[in-house]
Amino acid sequence: MNLYQLFSLSLKGRANKEALQFQDQTFTFGQLDQRSQQMALFLQQKGLVQGDRLGVYLENGVELIDLFLACVQSGIIFVPMNIMYRERELTHIIEDAAPKLLISDGPVPGGFDSLLKSELAAVYETAYAPFIPAVISGDDPAALVYTSGTTGKSKGAVLTHNNFLSNGVNLCSSWHITEADRFLLALPLFHVHALANGIHSWLISGCHMHLLPRFEYQKAQAQFETYQPTLFFGVPTIYIRLLDWDAKIAEKVGKTARLFVCGSAPLPPQVLTDFEAKFGHVILERYGMTETLMNLSNPYIGERRAGTVGFTLPGISAKIIQADGNVAPIGEEGEVYIKGPNVCAGYWNRPDATEEAFVDGYFKTGDMGECAADGYITLKGRKSDLIISGGFNIYPREIEEYLSEQAGVLEVVVVGIPHESRGEVPVAYLVTDQDYDDETVQQNCVRTFASFKIPRAYIQVDSLPRTALGKVQKHLLPKP
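Colleague: Hey, could you run me through the overall build of the protein chain in this one?
Modeller: Helix and strand counts for the protein chain stand at 13 helices and 25 strands. The C-alpha radius of gyration computed for the protein chain amounts to 23 Å, which stays within 12% of the reference 23 Å derived for 480 residues, consistent with globular compactness. Structurally, the protein chain occupies a C-alpha span of about 70 × 55 × 45 Å along its principal axes. In the protein chain, buried positions account for 55% of the 480 residues.

Printed below as a string of structure tokens:
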């Protein structure tokens, strides 16, 4: 089975049901199916054939969904591009993926030729003629999604129809997503969080979706109150902003909601606690990657344990591997390895990186974690973020979580900087408010941590540089 065949349960089986709201537009599943077929014919007329790449540099919109659906029924490989990227990042992706056609909202940084989204309006005015889907297997590539590139040039993860299919079915089953849900999606569709989780869960379940151009804090309260979603996917920065709402509004939103999910970056345990107190819901935290889609999740029914990412999703295997290659004992740290139908086919044009990423069929995530006696897995941070100071291992997340609990600390990230005798030492970058007191925080850290874990400096900044999905870009922090 391929994605279009699975999506047809909604596109054709629920053809008359209202499926999508975007700004002042509404569409049934049948209308979306027709639009996608018109788009597939258009791409065919432009000379794109099965296996070609389509580059998409677009903000959220119905046209982006139409293009994705056109690709999955024609065998064209969908290449979404981060709209925050500029010439350097885009040049690398476009040269690497070599899309036959690039579609954008406006001029593409770097001067690349593109078809403007405004020119697509004529596609929907053509007389409807059914598009005959290509013969596509589950192992064929559906999308080429580039990693965030926070530490170097991004790599293109080859995501197959089976990768997306297994991920979407898993989420609908594990999180009880059904056609009765009302799904508010404010995340960017160029990222797998919204594309692989959001769009696929919507189309597979047949629920109603309200797609937003982006998350805008000033408008969010009215959007929640008016739409009354039962389902919402967010990132930590969004949930931190929602905590600013008046308690009565939060309670009202919480009464109509069923599930709040968080991912793409670690959720501070204090945010989980505060959100439950205010909204009456325990946020469900899960763990995934561009290369693997979703791996682990706290349970829908059962304890959603603060600071953990729960258990493997159905059909997925995970193990914690230590530096010597052996499985880590319970409660001890190691690198998280993942195997399952969710794992990408490899990296585009990078056989060396693909070979390096896999061991005995398992994908090496680069994330450090530990498994508790009852199976809950806790992530400790990126392997590449590990700070080795005087021979001791320091995981920044441990310090970050503690500092985030201190008065006046709004956001925090800890990094290692070179040190003449110790190799590296930790330094904290903080976004603070008027309640922050540097001396008090320093004293609290001295009482809490071993001496080698205490930050050597507490640097206050106006904001932390982040990707569109909230991951801190540590290489862009100011030098201490």
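Colleague: I'm lost on the packing of helix 2 (residues 29-45) against helix 3 (residues 62-74) in this one. Help?
Modeller: Packed helix pairs are specified by the crossing angle of their axes together with the interaxial distance, meaning the distance between the axes. One can describe the packing of helix 2 onto helix 3 by two numbers: an axis separation of 8 Å at closest approach and a directional angle of 65°. Relative to helix 3, the element helix 2 lies roughly perpendicular. Regarding helix 2 and helix 3, the two cross each other, and that crossing is right-handed. Of the residues in helix 3, those in contact with Leu32, Arg35, Ser36, Gln37, Met39, Ala40 and Leu43 of helix 2 are Val62, Glu63, Asp66, Leu67, Leu69, Ala70, Cys71 and Gln73. Its residues placed into classes, the contact of helix 2 with helix 3 shows 9 nonpolar, 3 polar and 3 charged.

Colleague: Help me understand the nonpolar core, please; the structure alone is not making it clear to me.
Modeller: For soluble globular proteins, nonpolar side chains are generally found buried alongside one another. Leu20, Leu54, Leu67 and Trp202 are the most contacted members of the largest nonpolar core, which totals 115 residues. Broken down by element, the residue count for this core peaks at 9 residues, all from helix 3. Excluding its chain neighbours within four sequence positions, the residues that come into contact with leucine 67 are Met39, Leu43, Leu54, Val56, Leu58, Phe78, Ile103 and Leu120. One finds Tyr402, Leu430, Tyr436 and Phe452 within the second-largest nonpolar core, a separate group that totals 17 residues.

Colleague: What exactly am I supposed to notice about the state of the cysteines here?
Modeller: Put plainly, a disulfide is one covalent bond tying together the sulfur atoms of two cysteines. For the structure on display, the rule yields 0 disulfides. Take cysteine 207: it sits in no disulfide, and the sulfur closest to it among the cysteines is that of cysteine 172, at 7.6 Å. Judged by relative accessible area, cysteine 207 falls into the buried class, the value being 0%.

Colleague: Where do I start with the layout of surface pockets in this structure?
Modeller: Over the atoms, a rolled probe matching the size of one water molecule traces out where space is still vacant. What the second largest pocket holds in volume is close to 230 Å³. Around the second largest pocket sit Ile321, Gln322, Ala323, Glu333, Gly334, Glu335, Tyr337, Met368, Lys383, Leu386, Asn393 and Tyr395, which together line it. Considering every element that reaches the lining of the second largest pocket, the biggest residue donor is strand 17 (residues 334-339), with 3 residues. Of the residues assigned to the lining of the second largest pocket, the class counts are 6 nonpolar, 3 polar and 3 charged.

Colleague: Which parts of the structure should I look at to understand the environment of proline 268?
Modeller: Within the secondary structure layout, proline 268 lies in the loop between strand 12 (259-262) and helix 10 (269-279). When the C-alpha positions of proline 268 and glutamine 221 are compared, they lie 22 Å apart, and in sequence the two are 47 residues distant. If we ignore the near neighbours within four places in the chain, the residues touching proline 268 are Pro236 and Ser404.

Colleague: So what exactly am I meant to see when it comes to the side chain of threonine 160 here?
Modeller: Here threonine 160 shows up in strand 8 (residues 156-160). Judged by its relative accessible area of 6%, threonine 160 falls in the buried class. Beyond its immediate chain neighbours, meaning those up to four positions away, threonine 160 contacts Gly138, Asp139, Asp140, Pro141, Ala142 and Ala345.

Colleague: Explain the side chain of aspartate 96 to me, please; I cannot follow it from the model alone.
Modeller: Locating aspartate 96 in the fold gives a position in helix 4 (residues 87-97). For the buried aspartate 96, which has no salt bridge, the nearest side chain bearing the opposite charge is arginine 350, at an N-O separation of 7.2 Å. Setting aside residues up to four positions removed in sequence, aspartate 96 forms contacts with Tyr146, Trp348 and Asn349.

Colleague: Looking at this structure, I do not really get unusual backbone geometry. What am I missing?
Modeller: Negative phi values dominate among residues other than glycine, just as trans dominates among peptide bonds. The phi angle at histidine 176 is positive, at roughly 60°, despite the residue not being glycine. With phi around 55°, glutamine 228 is a residue other than glycine that occupies positive phi space. By secondary structure assignment, the location of glutamine 228 is in the loop between helix 7 (217-227) and strand 11 (231-234). The class of glutamine 228 is partly exposed, set by a relative accessible area of 39%.

Colleague: Help me out: how do you make sense of the packing of aromatic side chains in this one?
Modeller: Aromatic rings in a pair are described by how distant their centres are and how their planes are angled relative to each other. According to the stated counting rule, one finds 18 aromatic pairs in the structure shown. Each ring, one from tyrosine 239 and one from phenylalanine 260, has its centre 6.3 Å from the other, and the planes form 75°; the classification is edge-to-face. Separated by 21 residues along the polypeptide, tyrosine 239 in helix 8 (residues 236-242) and phenylalanine 260 in strand 12 bring together distant segments of the chain. With respect to burial, tyrosine 239 and phenylalanine 260 carry one shared label: buried. Ring geometry for tyrosine 402 against phenylalanine 449: centres 5.3 Å apart, planes inclined by 80°, an arrangement best described as edge-to-face. In this pair, tyrosine 402 is assigned in helix 12 (residues 396-404) and phenylalanine 449 in the loop between helix 13 (438-448) and strand 25 (458-460), connecting sequence segments 47 residues apart.

Colleague: What is the right way to look at the sheet that holds strand 23 (residues 409-419) in this model?
Modeller: Across a sheet, strands are paired by hydrogen bonds formed along the backbone, either parallel or antiparallel in direction. Here we have 3 strands laid out as an open sheet, ordered 23-24-25, and mixed in their pairing. Looking at which strands have only one partner, the edges of the open sheet turn out to be strand 23 and strand 25. Direction aside, the axes of adjacent strands within the sheet are offset by 30° on average. Sheet analysis places strand 23 next to strand 24 (residues 423-432), joined by 10 bridges and oriented antiparallel. Note on strand 24: the bridge partner recorded for histidine 419 is glycine 423.

Definitions and limits used
Residues numbered from 1 in each chain as written. Predicted model: local features only at pLDDT ≥ 70, side-chain atom pairs only at ≥ 80, totals over all residues. Heavy atoms only, no water. Helix = DSSP H or I, 4+ residues; strand = E, 2+ residues; numbered from the N terminus. Rg over C-alpha atoms; globule rule 2.2 N^0.38 Å. Buried < 20%, exposed > 50% of the residue type's maximum accessible area, 1.4 Å probe, protein only. Axes fitted to C-alpha atoms, helices over the stretch in contact; angles between N-to-C directions. Parallel < 35°, antiparallel > 145°, perpendicular 65-115°, else oblique. Left-handed = near helix turned anticlockwise from the far one by under 90°. Contact = heavy atoms within 4.5 Å. Nonpolar A, V, L, I, M, F, W, Y, C, P; charged D, E, K, R; others polar. Core = buried A, V, L, I, M, F, W, Y, C linked by side-chain atoms within 4.5 Å. Disulfide = S-S within 2.5 Å. 1 Å grid on protein atoms, 1.4 Å probe; cavity = no way out; pocket = protein on both sides within 12 Å on 5 of 7 lines; lining within 4 Å. Points joined across faces, edges and corners; volume = space filled by probe spheres on them. Lys, Arg positive; Asp, Glu negative; His and termini not counted. Salt bridge = Lys/Arg side-chain N within 4 Å of Asp/Glu carboxyl O. Phe/Tyr/Trp six-rings, centres within 6.5 Å; stacked < 30°, edge-to-face > 60°. Pairing = 2+ DSSP bridges.

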